[in-house]
Amino acid sequence: MVCNIHSSNISSTNGRYTTASGGTTCGVANPSGTPSNTDYTFTAACTDTTFTLTATPITGKSQASDGTLILDNTGARTGTGTWPT
């Protein structure tokens, strides 16, 4: 949720989700490094008008069987995992 709100703020400020018009570098930085207490890796993909955030569970961690969670700029929640309610 925080990523979604932050990404929307970038769109409002810059008129796009990317750092440069026509680019593919997201205005939201992907987390660098993975702390040992993190159960997911996070990635972001962007165009000027769309973004997709993906949380992929790390093998061997407690959430490994959760499946992938995907959130996009429309608020759609998809992936192979089950979103919390």
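Bear in mind that the values here come from a model prediction, so they are computed numbers and not experimental data.

Asker: Explain the sheet that holds strand β3 (residues 69-72) here, please?
Answerer: Sheet strands pair by backbone hydrogen bonding; their relative direction is either parallel or antiparallel. Taken together, the 4 strands give an open sheet; going across it, the order is β1-β2-β3-β4, and neighbouring strands pair in antiparallel fashion. In this open sheet, the two edge strands, each paired with only one partner strand, are β1 (40-46) and β4 (77-78). Alignment of β3 against β4, held across 2 bridges, turns out to be antiparallel. Directly across from L71, in β4, lies its bridge partner R77.

Asker: Hey, could you run me through the environment of G75 in this one?
Answerer: Relative to the helices and strands, G75 is located in the loop between β3 and β4. Note on G75: relative accessible area 35%, which makes it partly exposed. C-alpha of G75 to C-alpha of T52: the two residues are 23 residues apart in sequence and 9.6 Å apart in space.

Asker: It is not clear to me how the nonpolar core should be interpreted in this structure. Could you clarify?
Answerer: The tendency in soluble globular proteins is for nonpolar side chains to be buried as a group. By size, the foremost hydrophobic cluster in this structure holds 7 residues: Y17, C26, A44, C46, F51, L53 and L71. Within the residue set of this core, elements represented by two or more residues are β1 and β2 (51-57).

Asker: Looking at this structure, I do not really get the pairing of β2. What am I missing?
Answerer: Each regular strand displays side chains that alternate between the two surfaces of the sheet. Extensive coverage of β2 is indicated by the burial of 5 of its 7 residues. As paired elements, β1 and β2 share 7 bridges and run antiparallel to each other. Paired with A45 across the bridge in β2 is T52. Hairpin remark: β1 followed by β2, antiparallel, with 4 residues in the connecting loop. Here 4 bridges tie β2 to β3, and the two strands are oriented antiparallel to one another. When the sheet's bridge partners are listed, T54 is paired in β3 with I70.

Calculation criteria
- Residues numbered from 1 in each chain as written.
- Predicted model: local features only at pLDDT ≥ 70, side-chain atom pairs only at ≥ 80, totals over all residues.
- Heavy atoms only, no water.
- Pairing = 2+ DSSP bridges.
- Helix = DSSP H or I, 4+ residues; strand = E, 2+ residues; numbered from the N terminus.
- Buried < 20%, exposed > 50% of the residue type's maximum accessible area, 1.4 Å probe, protein only.
- Core = buried A, V, L, I, M, F, W, Y, C linked by side-chain atoms within 4.5 Å.

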